[in-house]
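# Structural characterization, general
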Amino acid sequence: MTRLAVPKTYKLYIGGKFPRSESGRTYEVSAPDGRFLANAALASRKDARDAVVAARAAVSGWAGATAYNRGQVLYRIAELLEGRRAQFVSEIEETEGVSRAVAAAQVDEAIDRWVWYAGWADKFAQVAGNANPVAGPYFNLSVPEPTGVVAIVAPQDSSLLGLVSAVAPALVAGNPVVVVASERFPLSAISLAEVLATSDVPGGVVNVLTGSPAEIAPWLASHADVNAIDLVGAGALDWIALEIDAADTLKRVLRPENGPDAAAPALGRIQAFTETKTVWHTKSLR
Amino acid sequence: MSFLDYAPAPESRAILSLRDSYGLFIDGEFVDGRGAAFQTISPASEERIAMIANANEADVADAVAAARRAYDRVWSKMSGRDRGKYLFRIARLVQERARELAVAESLDNGKPIKESRDVDVPLVAAWFFYYAGWADKLDHAGLGADPRSLGVAAQVIPWNFPLLMLAWKIAPALAAGNTVVLKPAETTPLTALIFAEILQQAELPPGVVNIITGAGDTGAALVAHEGVDKVAFTGSTAVGRAIAKQIAGTDKKATLELGGKAANIVFDDAPIDQAIEGIVNGIFFNQGHVCCAGSRLLVQESIHDEVVDRLKTRLSTLRLGDPLDKNTDIGAINSREQLDRIRALSDVGVEEGAERWSAPCEIPENGFWYAPTIFTGVQTSSRIAREEIFGPVLSVLTFRTPQEAIAKANNTPYGLSAGIWTDKGSRILAVADQLRAGVIWANTFNRFDPAAPFGGYKESGYGREGGRHGLAAYLAPAPIGQAAVARSAAKPAITADASAPEPTAKRTRRTQKATTKGSKR
């Protein structure tokens, strides 16, 4: 007797909740051999806007958290991901059609990337900022601050690692994100959302949309309440048009990257979503 | 005669030895422009100062080609130590000719001589000194060992601080090993052209810095030129947006320093005398032609009346008039066009229900002038509270709690600067943390220093100028390892030069040797 499995309904992750697309639309996700795996939500423009609203609402809490706290929360993600390692390995094996070893390597690297970025949370400001020896009686300090809401088109050729590689660095400095997952491999993104929902990441700090990046990205690129857009996974889209849309509100833009090294771990990815603030403070004995 | 009446004390123009006309500075020499020459006038008298060459697209191409040649053959191969020595030379020459530059700046721009003499020009020298020292220390710029220069930098600057903006642009670009094509603003080209003479005196290799004059279309052609690797622009948000669109999808890096609508927040425990001076300095410095000007005064409700009364008293003592007079506080508005814009927006303020008060001062007959003006009873929705006026016009709003002050201060698409006035240090730091602006001045305003990064959040642009951050804006990491790194260095300027056009035609070169007059020394 084999037991009849209980399949999961994959929904969106917006504002700490798991809603279906408001449009009611789904699309079929299949294994490389054509076997049906699940119906993923096909996010709409309205879903994208809802996600931006949720991200904006999360700005003050996440940006205002101490760097130590953010580091702990990011490390907690790694802990919970480690605990669900087998689940992710099986999911990736099925969706990507790769060997168990390859899937495991992807999950392990994703876990380690959370750890690497977690460690940066209370250090990058010391590397990126500095005291400025100005010619006058002023205390003068430059520090990096989060840019605001960051929209991300995740790398499209991986289930988990690409997503984590793009999302984690934006979170380090205190930016909430709205991420459009891989269109082909959306399932692990929603499974990761389940990890995020249970690992002390405040609701709205990470919002995950599944569906068509070509459909959703333009709305994010032109949205006036999005401060930056990471087009790392938008190489197959008309990303120049997206960059032009983003210029209307002078968004910070990261360009597409291709291949297995896309969104490789780098301090530069953290700094890309920061703004340097310089504070002048008078000095006086009186 | 009241104690405020002073005899005229004009700075002498004899220190200047201006030419009747100026060419474009390309490849180390002054050459004719192929566009129709235009005149630059003194905004204080509307008299012509000189005729200025106008660079058309072919001239832009020549300038970019000269910069490319200088980059490939000379500047990118030169040691950091020697690049630094050239910058030190330039800094010294600026100091030596400081008074001449200050007089020229006030003449061409309309700003008071006490500002050009005591702020603009000393900062220009400081900027070159600061970045000179960086040239042989690029490994410490924050990009890892052996960072690379970008290539040819196209730099377009505004008319409010003509020579200072030139220094902000050229000094870090050269220190990092780039070559430059710079376009000064149409109404204020004079000091950039005198600076070109300084470059000749410094014997800077030809083509390392090229200065081309013209209007907006010259700047647009420069930014669009395919031989350009880096764009640095200071000016309006509208133009900045157009540049961001134009360079989308190209490998050009950009630094954009755009508009602002800074809040200057005054709490009821502020040191009031200093605060009044700070408010005045914040918005009436340089006739308010300052992108980071404190144009929105947010004053705590309990001290609103006192602050406004004292401001009116103080503004009544400001002397408006001849920019070259050493006693002048408020100079001329830079152009008729700008004056019209200030008048139009100011009238909108009245139409929208705010109360206008202008300092009672005598307006000279010729030239462009606008008396220091305060609007009270301004609503946050009013255009004078939202749009950059870029003139001596202050909008006064009130708040009750720090939270309200922060919310109102951040209620703008801009995010360049802000001011905080309070005696409470802990409050300063907490408020500074929450203001979404790139530069925060606490109990001071409008301070600038080459060591201090400057630049905006949100629609005030991106990138920083000044400090280590300003240097990094002209560098890319060494091409090793990671994809992102490899990509940004994959298009080194070195390979792009093969397509760089040679100058299309040999033209008459008016060799304009810098005349070194005894009076300059």
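Parameters at a glance
- Residues numbered from 1 in each chain as written.
- Chains lettered and ligands numbered in written order.
- Predicted model: local features only at pLDDT ≥ 70, side-chain atom pairs only at ≥ 80, totals over all residues.
- Heavy atoms only, no water.
- Helix = DSSP H or I, 4+ residues; strand = E, 2+ residues; numbered from the N terminus.
- Buried < 20%, exposed > 50% of the residue type's maximum accessible area, 1.4 Å probe, protein only.
- Contact = heavy atoms within 4.5 Å.
- Domains from an automatic or database assignment.
- Buried area = accessible area lost by both parts, 1.4 Å probe.
- Salt bridge = Lys/Arg side-chain N within 4 Å of Asp/Glu carboxyl O.
- Polar contact = N/O pair within 3.5 Å; in protein donor to acceptor, adjacent residues only side chain to side chain.
- Nonpolar A, V, L, I, M, F, W, Y, C, P; charged D, E, K, R; others polar.
- Pairing = 2+ DSSP bridges.
- Axes fitted to C-alpha atoms, helices over the stretch in contact; angles between N-to-C directions.
- pLDDT = per-residue confidence, 0-100.
- Core = buried A, V, L, I, M, F, W, Y, C linked by side-chain atoms within 4.5 Å.
- Expected span 1.5 Å × (residues − 1).
- Right-handed = clockwise from strand over helix to strand, strands pointing away.
- Arc of directions from axis to C-beta.
- Lys, Arg positive; Asp, Glu negative; His and termini not counted.
- 1 Å grid on protein atoms, 1.4 Å probe; cavity = no way out; pocket = protein on both sides within 12 Å on 5 of 7 lines; lining within 4 Å.
- Points joined across faces, edges and corners; volume = space filled by probe spheres on them.

### Points about the overall build of chain A
A count of helical and extended segments in chain A gives 10 helices and 10 strands. For chain A, the spread of C-alpha atoms along the principal axes amounts to about 85 × 40 × 30 Å. Looking at the 286 residues of chain A, the share that counts as buried comes to 57%. Contacts in chain A between residues far apart in sequence, at least 24 positions, make up 74% of those at least 6 positions apart.

### Remarks on the domain arrangement of chain B
All names here are of chain B. Along its sequence, chain B is carved into domain 1 (13-258 + 462-500) and domain 2 (263-450). Listed as interface residues are 36 residues of domain 1 and, on the opposing side, 31 residues of domain 2. Overall, the association of domain 1 and domain 2 removes approximately 2,600 Å² of surface from exposure, summing both partners, and the carbon and sulfur fraction of that is 61%. Counting across the interface, domain 1 meets domain 2 through two salt bridges. In this structure, Arg 336 and Glu 46 form a salt bridge, with 3.1 Å as the shortest nitrogen-oxygen distance. Scanning the region where domain 1 abuts domain 2 turns up 13 residue pairs in polar contact (both at pLDDT 80 or more). No other element matches the 10 residues that helix α4 (residues 113-134) contributes to the side of domain 1 that touches domain 2. Classifying every residue of the side of domain 1 that touches domain 2 gives 17 nonpolar, 10 polar and nine charged.

### A closer look at the sheet that holds strand β13 (residues 296-300) of chain B
Across the sheet, 10 strands lie side by side as β3(A)-β4(A)-β10(A)-β18(B)-β17(B)-β12(B)-β13(B)-β16(B)-β15(B)-β14(B); this open sheet has mixed pairing. At either end of the open sheet lies a strand with only one pairing partner, and these are β3 (130-131) of chain A together with β14 (355-358) of chain B. Sheet topology note: the strand β4 (residues 138-146) of chain A/strand β10 (residues 274-282) of chain A ladder contains nine bridges and is antiparallel. Within the sheet, the bridge partner assigned to Tyr 138 of chain A lies in β10 of chain A and is Thr 282 of chain A. Lying on the sheet, helix α9 (residues 272-284) of chain B is in contact with β12 (263-266), β13, β15 (373-376), β16 (393-399) and β17 (417-421) of chain B; it crosses β16 of chain B at an angle near 130°.

### What to know about the confidence of the model for chain B
Looking at chain B as a whole, the pLDDT averages 92, with 91% of positions reaching at least 70. Throughout residues 482-521 of chain B the model reports pLDDT below 50, and contacts reaching past four residues in sequence, or to other chains, amount to 78 contacts.

### Describing the nonpolar core
Counting residues in each nonpolar core, the largest one holds 118 residues, and the members touching the most others are Phe 128, Leu 166 and Phe 195 of chain B. In terms of residues, this core owes the most to one element, helix α5 (residues 162-176) of chain B, which gives 12 residues. Residue-level mapping places this core at the junction of two domains, with at least three residues from each of domain 1 (13-258 + 462-500) and domain 2 (263-450) of chain B. Filtering out sequence-adjacent residues up to four positions away, Phe 128 of chain B remains in contact with Leu 87, Ile 90, Ala 91, Leu 166, Ala 167, Ile 170, Ala 171 and Phe 195 of chain B. With 66 residues, the next largest nonpolar core counts Phe 88, Val 89, Ile 92 and Ala 189 of chain A among its residues.

### Quick notes on α5 of chain B
An ideal rise of 1.5 Å per residue puts 21 Å on 15 residues; α5 of chain B measures up with 22 Å between its terminal C-alpha atoms. Remark: Gly 177 of chain B follows α5 of chain B within two positions and exhibits a positive phi of approximately 100°.

### Let's talk about the pairing of strand β10 (residues 230-234) of chain B
Residue and element names in this part refer to chain B. The element β10 is largely enclosed, with a buried count of five among its five residues. Burial along β10 is two-sided: the face carrying Lys 230, Ala 232 and Thr 234 and the face carrying Val 231 and Phe 233 are both buried. Judged from the four bridges that link them, strand β7 (residues 152-156) and β10 form a sheet pairing that is parallel. Each residue of the ladder has a partner; that of Ala 154, found in β10, is Val 231. Pairing of β10 with strand β11 (residues 253-257) involves five bridges; the strand directions are parallel. Each bridged residue has a counterpart across the sheet, and for Lys 230 the counterpart in β11 is Lys 253. The β-α-β motif built from β10, the intervening helix α8 (residues 237-246) and the parallel element β11 has right-handed crossover chirality.

### Things to note about the interface of chain B and chain A
Listed by partner, the interface residues are 46 residues for chain B and 41 residues for chain A. Approximately 3,300 Å² of surface area, both sides summed, lies buried where chain B meets chain A, with 51% of it carried by carbon and sulfur atoms. Summed over the shared surface of chain B and chain A, the number is two salt bridges. At the boundary of chain B and chain A, one finds 25 residue pairs in polar contact (both at pLDDT 80 or more).

### Brief notes about helix α13 (residues 402-410) of chain B
When we look at burial in α13 of chain B, the residues that qualify are Ala 405, Ile 406, Ala 409 and Asn 410 of chain B. Burial along α13 of chain B is one-sided: seen end-on, the buried residues are contained in an arc of 120°.

### Overview of the side chain of Glu 105 of chain B
Residue and element names in this part refer to chain B. You can see Glu 105 is positioned in helix α3 (residues 98-109). Buried charged residue Glu 105 carries no salt bridge. Nearest counter-charge: Lys 111, at 5.4 Å. A distance of 2.8 Å separates a polar atom in the side chain of Glu 105 from the backbone nitrogen of Leu 163. Setting aside residues up to four positions removed in sequence, Glu 105 forms contacts with Gly 110, Lys 111, Ser 116, Phe 161, Pro 162, Leu 163, Leu 164 and Thr 191.

### Quick word on the sheet that holds strand β1 (residues 21-22) of chain B
All names here are of chain B. Within the open sheet, the three strands sit side by side as β1-β5-β4. Their pairing is mixed. Each end of this open sheet is capped by a strand with a single partner; those strands are β1 and β4 (38-41). With four bridges connecting them, β4 and strand β5 (residues 48-52) associate as antiparallel partners. By the bridge assignment, Thr 40 is partnered in β5 with Ala 50.

### A closer look at unusual backbone geometry
Of note in the backbone geometry, Asp 200 of chain A takes a positive phi value of approximately 70° without being a glycine. You can see Asp 200 of chain A is positioned in the loop between α7 (187-197) and β7 (206-209). Of note in the backbone geometry, Gln 287 of chain B takes a positive phi value of approximately 55° without being a glycine. Locating Gln 287 of chain B in the fold gives a position in the loop between α9 and β13.

### A short note on empty space enclosed by the protein
Residue and element names in this part refer to chain B. On inspection of all chains with the given rule, the structure shows six cavities of 30 Å³ or more. For the largest cavity, the calculated volume is near 90 Å³. Surrounding the largest cavity, 16 residues form its lining, Ala 409, Gly 415, Ser 417, Arg 436 and Ala 437 being those nearest its centre. There is about 70 Å³ of room inside the second largest cavity. Lining the second largest cavity are Asn 160, Phe 161, Leu 164, Met 165, Trp 168, Thr 234, Glu 257, Cys 291, Phe 448 and Phe 454. The element that contributes the greatest number of residues to the lining of the second largest cavity is α5, accounting for three residues. Grouping the amino acids of the lining of the second largest cavity by side-chain chemistry returns seven nonpolar, two polar and one charged.

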